[in-house]
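Here are the chains, one letter per residue:
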Amino acid sequence: MPHKVTTWLLVVILGCGNVSEVILAPALSSITEYFHVDQAASQALLSGFFIPMALFPLVYGTLSDRFGRRLPLLFGLAILALGGLLGALSESFEILVLARVLQGLGNASIILIVVTIINDSYERSDAVRVLATISGIMMIVPAFSFAFGGLITDLISWKGIM
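About the thresholds
- In every chain, residue numbers begin from 1 and rise along the written sequence.
- Local features are withheld for residues below a pLDDT of 70 in this predicted model, meaning they are given only at 70 or higher, and side-chain atom pairs are given and counted only at 80 or more; totals for whole chains, interfaces and linings count all residues.
- The basis for every side-chain value is the complete set of heavy atoms in the structure, and neither hydrogens nor water enter the calculation.
- Under the DSSP-based scheme used, a helix requires at least four consecutive residues in state H or I and a strand at least two consecutive residues in state E, with every element numbered from the N terminus.
- Between the two quantities, the radius of gyration covers C-alpha atoms and the globule rule is 2.2 Å times the number of residues to the power 0.38.
- With a 1 Å grid laid over protein atoms only, a set of points is called a cavity when a 1.4 Å probe fits there but cannot get out and a pocket when it is open yet has protein on both sides within 12 Å along at least five of seven lines; lining residues have an atom within 4 Å of a point.
- Grid points are joined across faces, edges and corners, and a volume is the space filled by probe spheres set on the points.
- Side-chain classes are defined by residue name, with Ala, Val, Leu, Ile, Met, Phe, Trp, Tyr, Cys and Pro counting as nonpolar, Asp, Glu, Lys and Arg as charged, and the others, Gly among them, as polar.
- Working definition: with a 1.4 Å probe on protein chains only, accessible area under 20% of the residue-type maximum means buried, over 50% means exposed, and in between means partly exposed.
- In what follows, a contact means two residues having at least one pair of non-hydrogen atoms within 4.5 Å.
- Here, a salt bridge means any side-chain nitrogen of Lys or Arg that lies within 4 Å of a carboxyl oxygen of Asp or Glu.

A. Quick peek at the overall build of the chain. The number of helices and strands found in the chain is 7 helices and 0 strands. Seen in sequence order, the chain has helices and strands lined up from the N terminus as α-α-α-α-α-α-α. In terms of overall size, the chain behaves like a compact globule, its C-alpha atoms giving a radius of gyration of 17 Å where 162 residues would be expected to give roughly 15 Å. Along the three orthogonal principal directions, the C-alpha set of the chain runs to about 55 × 30 × 20 Å.

B. Broad picture of the layout of surface pockets. There is about 360 Å³ of room inside the largest pocket. Every residue lining the largest pocket is counted, 14 residues in all, and those nearest its centre are His3, Val5, Arg69, Arg70 and Ile117. At the level of elements, α1 (7–22), α5 (70–89) and α6 (93–121) are the ones that each hand at least two residues to the lining of the largest pocket. The element that contributes the greatest number of residues to the lining of the largest pocket is α5, accounting for 4 residues. For the lining of the largest pocket, the per-class residue count stands at 9 nonpolar, 2 polar and 3 charged. One number sums up the size of the second largest pocket: a volume of about 150 Å³. Looking at the second largest pocket, the residues that line it are Cys16, Val19, Ser20, Ile23, Leu24, Leu80, Gly84, Arg100, Gln103, Ile161 and Met162. When contributions to the lining of the second largest pocket are tallied by element, the ones reaching two or more residues are α1, α5 and α6. Per-element accounting of the lining of the second largest pocket gives the leading share, 3 residues, to α1.

C. Layout of unusual backbone geometry. Of note in this structure, His36 is not a glycine but carries a positive phi near 55°. Note on placement: His36 falls in the loop between α2 (28–35) and α3 (39–55).

D. How the structure looks around the side chain of Ser42. By the element assignment, Ser42 lies in helix α3. On the basis of relative accessible area, Ser42 is assigned to the buried category, the value being 0%. Here Ser42 is in contact with Leu28, Thr32 and Phe93, once residues within four sequence places are set aside.

E. View of the pattern of salt bridges. All told, the structure shown has 4 salt bridges when counted by the stated rule. We note a salt bridge from Asp65 to Arg69, for which the minimum N-O separation is 3.1 Å. A salt bridge links Lys159 to Glu91, with the nearest nitrogen and oxygen atoms 2.7 Å apart. Linking Lys159 in the segment after α7 (124–155) with Glu91 in the loop between α5 and α6, this pair joins segments that are 68 residues apart in sequence. Since its relative accessible area comes to 56%, Glu91 is described here as exposed. Here the salt bridges share partners, and the residues they tie into one network are Asp65, Arg69 and Asp120.

Spelled out as structure tokens, the structure:
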């Protein structure tokens, strides 16, 4: 059996993806004002994130089976970060939507590969315990993400949450 990955590292990795899902929501009205788009158009930011998350786990699953867990996970985290940077620097709504698509592509790797790492690294009973611990922590992350997203938007701007 491979060495056990520490729970806190898995929480941080999974937290990156979980935060990126929710933190944008409080900033949608600021983004619509900044780019002079209507609320319906701003929903493209959510769709642009969640559609790749729905479609690309199959791709990442195949890649992680072929190349191991680390490389596809690091690639996904890099794409997630690149999307955030592009979003923070975007000066057009279309580029911001593209940034959210990139974030969704990166985030698609996280959940799938973290669960696979847990199953690879732990015996069944330990894997259940670790997954339950991580799931419990991840249940509160959206509430904090939403609150901090609003706070950061008020203090800095919507660009601060990307």
